[in-house]
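What follows is each chain in one-letter form.
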Protein chains: 4
Amino acid sequence: MSTPTLSSLTHEARRLLEHQNIELPSWAFGNSGTRFKVFTTPGTPRNAYEKLEDAAQVHKFTGAAGKVSLHIPWDEVEDYSDLRRHAENLGIEIGAINSNVFQDDDYKFGSLCNPDPKIRTKAVDTHKRCIDVMSATGSTDLKIWLADGTNYPGQDSIRERQDRLAESLRRIYDALGPDQRLILEYKFFEPATYHTDVPDWGTSLLHCLDLGEKASVVLDTGHHAPGTNIEFIVAQLLRVGRLGAFDFNSRFYADDDLIVGAADPFQLFRIMNEIVAGGALDPESGVAFVLDQCHNLEAKIPGEIRSITNVQEATAKALLIDRLALAEAQRSCDVLSANAILMDAYNTDVRPLLAELRESKGLAADPMAAFLASGHLEQIVAERVGGQQASWAA
Amino acid sequence: MSTPTLSSLTHEARRLLEHQNIELPSWAFGNSGTRFKVFTTPGTPRNAYEKLEDAAQVHKFTGAAGKVSLHIPWDEVEDYSDLRRHAENLGIEIGAINSNVFQDDDYKFGSLCNPDPKIRTKAVDTHKRCIDVMSATGSTDLKIWLADGTNYPGQDSIRERQDRLAESLRRIYDALGPDQRLILEYKFFEPATYHTDVPDWGTSLLHCLDLGEKASVVLDTGHHAPGTNIEFIVAQLLRVGRLGAFDFNSRFYADDDLIVGAADPFQLFRIMNEIVAGGALDPESGVAFVLDQCHNLEAKIPGEIRSITNVQEATAKALLIDRLALAEAQRSCDVLSANAILMDAYNTDVRPLLAELRESKGLAADPMAAFLASGHLEQIVAERVGGQQASWAA
Amino acid sequence: MSTPTLSSLTHEARRLLEHQNIELPSWAFGNSGTRFKVFTTPGTPRNAYEKLEDAAQVHKFTGAAGKVSLHIPWDEVEDYSDLRRHAENLGIEIGAINSNVFQDDDYKFGSLCNPDPKIRTKAVDTHKRCIDVMSATGSTDLKIWLADGTNYPGQDSIRERQDRLAESLRRIYDALGPDQRLILEYKFFEPATYHTDVPDWGTSLLHCLDLGEKASVVLDTGHHAPGTNIEFIVAQLLRVGRLGAFDFNSRFYADDDLIVGAADPFQLFRIMNEIVAGGALDPESGVAFVLDQCHNLEAKIPGEIRSITNVQEATAKALLIDRLALAEAQRSCDVLSANAILMDAYNTDVRPLLAELRESKGLAADPMAAFLASGHLEQIVAERVGGQQASWAA
Amino acid sequence: MSTPTLSSLTHEARRLLEHQNIELPSWAFGNSGTRFKVFTTPGTPRNAYEKLEDAAQVHKFTGAAGKVSLHIPWDEVEDYSDLRRHAENLGIEIGAINSNVFQDDDYKFGSLCNPDPKIRTKAVDTHKRCIDVMSATGSTDLKIWLADGTNYPGQDSIRERQDRLAESLRRIYDALGPDQRLILEYKFFEPATYHTDVPDWGTSLLHCLDLGEKASVVLDTGHHAPGTNIEFIVAQLLRVGRLGAFDFNSRFYADDDLIVGAADPFQLFRIMNEIVAGGALDPESGVAFVLDQCHNLEAKIPGEIRSITNVQEATAKALLIDRLALAEAQRSCDVLSANAILMDAYNTDVRPLLAELRESKGLAADPMAAFLASGHLEQIVAERVGGQQASWAA
């Protein structure tokens, strides 16, 4: 394949690429770190308003990041309608509302699965307040990730915790409005060490099937055991119609929350291939594409811009796959040809095509260069003096 | 806990332990190996009849291994009713029938998921013949493990293979008799390298739920990614009533098929703890306890005896857990006490208790010593001369 | 093996068990947690003096924990000679001094491997101050664990960082006194995500060999890739005479820092088997046995007591292995017998033997029960009010 | 970076790329498989002569595969001088000689580490015969990979096996001629399940350092634990001057022996980056670049051609890295810029540049298309009828 241009894409592929909208996490703009240390950075936002301002910069230069997820209570404000207006004035929307039920002392031994019914009710109520935030901000997705689990064998009953989880989720689900949904994230390990209450897609899906049609699974690309074929899970969840959202990021070993595409760009491409093949790139598909990353060492706004362009490149490559030829090679069990058709798209340099796409939308060809030249970084360093920098940790 | 005796067990616990019946795999008595080499051993059986004779020795000395799984076509015979009579004369029964759809050249690119409908039909027909063998031998379980998958990204469509799998399984399921069931095994990797068509419990369960009540999941303890909490899966499958059978063995890294309890005896204990807690030890529970092991280097009959005693020891320990005290410690979030109650049972030496149990059933206290003294090994070395040793490989 | 008693041990085995001395980490008595949350606990020490008091309780009831490692600057005090006297008055000694060069903003991009020579010098100087603390406290071991590494491919030169590391270590090594040594810990991952500067025993050993005879490797049992055979590394390092110390703990997936023996007690036994076989249990062997654990959820002093008894049990079992019979079975390639001899010792209940040993030393048979009955926990909760609880995090 | 051409390369980079010579494994042209099944293919070579003929095709079309490794006894012939002439007539040379001491019944419990000194001597003698083959064929490298290890804890003494290994290797090393060297491969697991006698680079390096300057380490890219940073090991072995050879292939989970670059092309690029940075691409560096792959499902000659082009692409990308800019970004700890410089080279499409390079050497721009059009595959299917197809398995 010679260097492709916009005209190499079908009309439909171009439409999908033009309208790709990736949600940003508000917490990526605050400080984050490891259990050993959270480093600070000049210019870091001090509140939800400033986070939205930084997020809006990412959208301004990429044209592909028009939503921002909030994390409650990290992004608590007095008036959520006001926050919504702030977002709209910045040209962006509020995306998923993420509940946080792991940083209060009461949750030491779990939230929705806690042996103590009073603490479970407290955690359910936190989710109900998140639903209120959704209503106030126009958000449609309640995203639930739980730190629940145990550290030692025997610490609690695995089975009873599942039963408590089902009951707690039911109470939350029943509080959803007609246009709201619940999306349930799974995670292989961390922070619990021995067992995690929602460790895999099977568990999340079982609960979603039980809850009803407004419940779907969240797949965080960093939340699997080594060697797991993630695109298989993508294909499977699309097949049963329950892939609610992605949390995109990268990992080398643990839940590293690195820039998506940084650790294994070929894996990201294979995932986007299943997305394209399954028709899930369409905004109507119900699959939300969300970043979930921590910029512990690197600059935060540029880190998000890089993430957006990485997803766009993987998407463009997936859209360039010659699917007719691929199907034919697959049918005839021609292993090398089928693989070569996939690799041919992967090995293509799609950056010129994406530059052309951006220019066609009135954006700079190189969003990173344009942002760095814009002076925003210097401005926030100068302006955001004093106050408490927002931090991912409690 | 001082050294426990039979009287340390409750009446019910003693009953469960006395009636524990673990199924042996016929193939454990034939030769097996790695892709590098299959070593042979004097005295190895040459056919299904001789395998049953060896299996009967394990039951004779342990009193806890009264069933044998067959593998078709490895155990093909002219007259399955005759084979059944042979088993009955030896005091054992035929357990699960395992289909083998991975050693015929036609299955190079898959069996039930193959792109070629003629090959899928061939594989379905093989399963129908297995159902005939079930009817002839009195077996109730059709155990399906598939080598299906792909080696390279793009080789075939992950999604379409799932659809083909669903359709093929439906055709097999519909051929089951009223008292027969289908149990579907999952495996994380191997022999396929890039993707496996039934890689995890979620996939197996989805297909089983779709098929109907006569379909359940097989959990092979060696078929998971590193770090997977297997007892969690046990608890989850028991919770939804779809744990059909165990394939017991051990692994250090890959699907090593080592003697169960050899690599991580504490894990085996934790699994048996969930079994006991979930009421699945009862023969009426519908959970089959099956060994699936390869004795590449060690003697085969003694290897199976060791496996049976390992499972018995883990079971006895699980039955000794002080469940009232455990529930109380769990309720009060007393992490160390809850863990200590579990570990107290694990650290107990239950071998004297099991020796007592065996003697109460008229068996030797030490099955391994009794078997080695019996002269059976010497006898088969002398008798089984000539012919082709049965082998796990094609 | 019937339940063994003290007299089941050889004279030498009993001597080794009686004199086993396991070093406690001061930081185990402070708060710790994950990147998500550090929970606090009533009674937690506020400074190094109070940590030593808690550590002394562990020694008082186990008789096997007579040393405490310090972590600088977590345990900084005005007068280290005074701290040493405090320890001596409590009946314990100061063990290894652990340097901390990962919580200062200057170390964001590394300490001994940092591209900036001024920061490297700062980190070297910190180690020189640790050597001063060693001299003041009577400690002989400078333990170095580095958080150095990179998060993204390309971030820095892997090769140049090794060269900087070698040069920095040389400067530290040259500052050691004649009876002091440097022990270098390796870690597979975390906090760096892409590459770690001392990721494996090979790297640590290469630097130690280069430095000289006063440098040895620290093996933390939680710092390996999944599937790593840790006892092999123990045997290998003993073979080349460079196993300096253990950091004992447990992990299920990441560096969980759980109670040693909690996740895989059989692995702990296999490690102690290599220790006994290699003659490294003798206090003269130069191998330091140190705990390195975090009690995020469980009570801290009891967590340490449990850790000590777990190591003692694994040691007692290793000392009970019939080594003559084992060597004979190994020589004749009798796989099952050799394995059975090992497992026979492992499956033995050594708790009565250890109770007898403790009573022979004038201690309570059950250190946990005796400690809990002592009132110390209630006392520290009452007394340690106000101030800042010591925490593992910065 | 716009699409680069040959003139984008420095003179030196072009020279290195032009002279890149990757060694082919003779066994890649025979059949191979898994422990479950070895599938056959029409046209498969029946002997070493035919394997060389197929290998020569790979060189004919790529111009970058001028050497072939042999495996003894798989490639045993009557007259090795004749085989050498056959190779020379085909325009290729004999590369490394691989010893095989794992398929004889005597090696059931090990070869160079076997408890039985007679078996160790037999294995040493096999290596001496390999050295004779080296002398007869002009090969300079004796490549040793051992299947030695144990399957169960206790089966043999880990420590004593190391001592036996050292002694056996010494006897082999002493038989090397002045221009011959020994290269020792390590492997994390398989076929042994519990412990492997040369499991990691540290062990291989220790033995090589002990043996002398003619011993170096072989790094097989598939022989590591999940999460291992392989390029770190490359950098470390280059730093100490003991990287003897690569065995290139790919894996998703186990030692899959897939086409190099098939599973993680970004990892291959990072490895080649360390090779270029360390000056090891130069043929004078002493680092041999060898493929070690099995084509279980895909066509064999095309599989090798694909492997060669994958390595060439990764190499060309590594040569395009702007190393001055990278060093500057690294020095200033500009994480995102340093990473971007690396990724910029990786994301470049170097296939046109390589097509240009091939044409400048008088080769077809697309080696795969040219080979498939050549009729060789059809010819060997027609000619190689009867006889026994060469197979990787015993």
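Note that this is a predicted model, so its numbers are computed, not measured.

The rules behind the values
- Residues numbered from 1 in each chain as written.
- Chains lettered and ligands numbered in written order.
- Predicted model: local features only at pLDDT ≥ 70, side-chain atom pairs only at ≥ 80, totals over all residues.
- Heavy atoms only, no water.
- Helix = DSSP H or I, 4+ residues; strand = E, 2+ residues; numbered from the N terminus.
- Buried < 20%, exposed > 50% of the residue type's maximum accessible area, 1.4 Å probe, protein only.
- Arc of directions from axis to C-beta.
- Contact = heavy atoms within 4.5 Å.
- Polar contact = N/O pair within 3.5 Å; in protein donor to acceptor, adjacent residues only side chain to side chain.
- Axes fitted to C-alpha atoms, helices over the stretch in contact; angles between N-to-C directions.
- Parallel < 35°, antiparallel > 145°, perpendicular 65-115°, else oblique.
- Left-handed = near helix turned anticlockwise from the far one by under 90°.
- Nonpolar A, V, L, I, M, F, W, Y, C, P; charged D, E, K, R; others polar.
- Buried area = accessible area lost by both parts, 1.4 Å probe.
- Salt bridge = Lys/Arg side-chain N within 4 Å of Asp/Glu carboxyl O.
- Least-squares fit on C-alpha atoms with pLDDT ≥ 70 in both.
- pLDDT = per-residue confidence, 0-100.

*Asks:* How should I be thinking about unusual backbone geometry in this particular structure?
*Replies:* Most of the time, phi is negative for any residue but glycine, and the peptide bond is trans. Here Ile 72 of chain A and Pro 73 of chain A are connected by a cis peptide whose omega angle stands at 20°. Its place among the elements puts Pro 73 of chain A in the loop between strand S2 (67-72) and helix H3 (80-89). With a phi angle near 55°, Asp 257 of chain B is a residue other than glycine that sits in the positive phi range. Take Asp 257 of chain B: it is sitting in the loop between strand S9 (243-248) and helix H8 (265-277).

*Asks:* Before we go on, may I ask you to explain helix H13 (residues 367-374) of chain C in this structure?
*Replies:* Residues separated by three or four positions in an α-helix point in the same direction, a consequence of the helix having 3.6 residues per turn. Residue and element names in this part refer to chain C. The complete set of buried residues in H13 reads Pro 367, Met 368, Ala 370 and Phe 371. Seen from one end, H13 has its buried residues packed into an arc of 165°, which puts them on one side. On the buried face of H13, the contacting elements are helix H2 (48-62), helix H9 (300-320), helix H12 (351-360) and helix H14 (376-383). Between the side-chain oxygen of the N-cap and the backbone nitrogen of Met 368 there are 3.1 Å, and the N-cap of H13 in question is Asp 366. Following H13 by one or two positions, Gly 375 adopts a phi angle in the positive range, close to 85°.

*Asks:* What is the right way to read the packing of helix H8 (residues 265-277) of chain C against H9 of chain C from this model?
*Replies:* Two packed helices can be described by the angle between their axes and the distance between those axes. All names here are of chain C. Where H8 meets H9, the closest approach of the two axes is 8 Å, and the angle between their N-to-C directions is 55°. The angle between H8 and H9 places the two elements in the oblique class. Classified by chirality, the crossing of H9 by H8 is right-handed. Within the contact between the two elements, H8 uses Leu 268, Phe 269, Met 272, Asn 273 and Val 276 and H9 uses Asn 310, Val 311, Ala 314, Thr 315, Lys 317, Ala 318 and Leu 319. Partitioned by chemical class, the residues of the contact of H8 with H9 number eight nonpolar, three polar and one charged.

*Asks:* I keep staring at the interface of chain B and chain C and nothing clicks. Help me out?
*Replies:* Often the size quoted for an interface is simply the accessible area lost on bringing the parts together. Residue-level contacts link 31 residues of chain B with 31 residues of chain C. Taken over both partners, the interface formed by chain B and chain C buries close to 2300 Å², and the fraction arising from carbon and sulfur atoms is 54%. One can count two salt bridges joining chain B with chain C. The partner of Asp 344 of chain B in a salt bridge is Arg 351 of chain C, with the nearest N and O atoms 2.6 Å apart. For the interface between chain B and chain C, the tally reads four residue pairs in polar contact (both at pLDDT 80 or more). Contributions of two or more residues to the side of chain B that touches chain C are made by H8, helix H9 (300-320) and helix H11 (335-346) of chain B. Top element by residues in the side of chain B that touches chain C is H11 of chain B. It accounts for six residues. Residues belonging to the side of chain B that touches chain C are distributed by class as follows: 17 nonpolar, five polar and nine charged.

*Asks:* Teacher, can you tell me more about the relation of the copies chain B and chain C here?
*Replies:* Here two copies of a chain appear, and what relates them is a rotation about an axis with a shift along it. Mapping chain B onto chain C leaves a residual RMSD of 0.0 Å; the transformation is a rotation of 180° accompanied by 0.0 Å of translation along its axis. Look at the turn and shift together and you get a two-fold axis relating the two. In terms of proximity to the rotation axis, the leading residue of chain B is Asp 349 of chain B, whose C-alpha is 2.7 Å off the axis. A shared interface surface links the copies, since 100% of the contact residues of chain B are contact residues in chain C too.

*Asks:* Please explain the environment of Tyr 49 of chain D as it appears in this structure.
*Replies:* Residues and elements named next belong to chain D. Within the secondary structure, Tyr 49 sits in helix H2 (residues 48-62). Spatially, the C-alpha atoms of Tyr 49 and Ser 26 are 9.7 Å apart, while their sequence positions differ by 23 residues. Look past the residues within four positions of Tyr 49 in its chain and what remains in contact with it is Val 77, Asp 79, Asp 82, Leu 83 and His 86.

*Asks:* So what exactly am I meant to see when it comes to helix H3 (residues 80-89) of chain B here?
*Replies:* Residue and element names in this part refer to chain B. Those residues of H3 lying buried are Tyr 80, Leu 83, His 86 and Ala 87. Each buried residue of H3 sits inside an arc of 110° when the element is viewed along its axis, so together they form one side. Contact partners of the buried residues in H3: helix H2 (48-62), strand S2 (67-72), strand S3 (93-99) and helix H4 (117-137). In this structure Asp 79 caps H3, since a side-chain oxygen of it lies 2.9 Å from the backbone nitrogen of Ser 81. Gly 91 occupies a position one or two residues after H3 and carries a positive phi of about 85°.

*Asks:* Teacher, can you tell me more about the pattern of salt bridges here?
*Replies:* Side chains that carry opposite charge are capable of pairing whenever their charged atoms lie near each other. All told, the structure shown has 132 salt bridges over all chains when counted by the stated rule. With its nearest N and O atoms 3.5 Å apart, the salt bridge here joins Glu 50 of chain A to Arg 384 of chain A. Of the two residues, Glu 50 of chain A sits in helix H2 (residues 48-62) while Arg 384 of chain A sits in the segment after helix H14 (376-383), which places them 334 residues apart along the sequence. The two residues Glu 50 of chain A and Arg 384 of chain A agree in class, both being buried. Between Arg 351 of chain B and Asp 349 of chain B there is a salt bridge, with the nearest N and O atoms lying 3.0 Å from each other. Residue classification places Asp 349 of chain B among the buried positions, given a relative accessible area of 5%. Connected through shared salt-bridge partners, Asp 148, Asp 156, Glu 160, Arg 161, Arg 164 and Asp 197 of chain A make up one network.

*Asks:* Explain the relation of the copies chain A and chain B here, please?
*Replies:* When chain A is brought onto chain B, the operation consists of a screw motion whose angular component is 180° and whose axial shift is 0.0 Å, with 0.0 Å RMSD remaining. Of the residues that chain A buries at the interface, 100% are likewise interface residues in chain B, meaning the two copies contact each other through the same surface.

*Asks:* Where do I start with the confidence of the model for chain A in this structure?
*Replies:* Regions with low pLDDT carry predicted coordinates that are not meant to be interpreted in detail. Scored by pLDDT, chain A comes out at a mean of 97, with 99% of its residues at no less than 70. Two summary scores accompany this predicted model of the complex, namely pTM at 0.98 and ipTM at 0.97.

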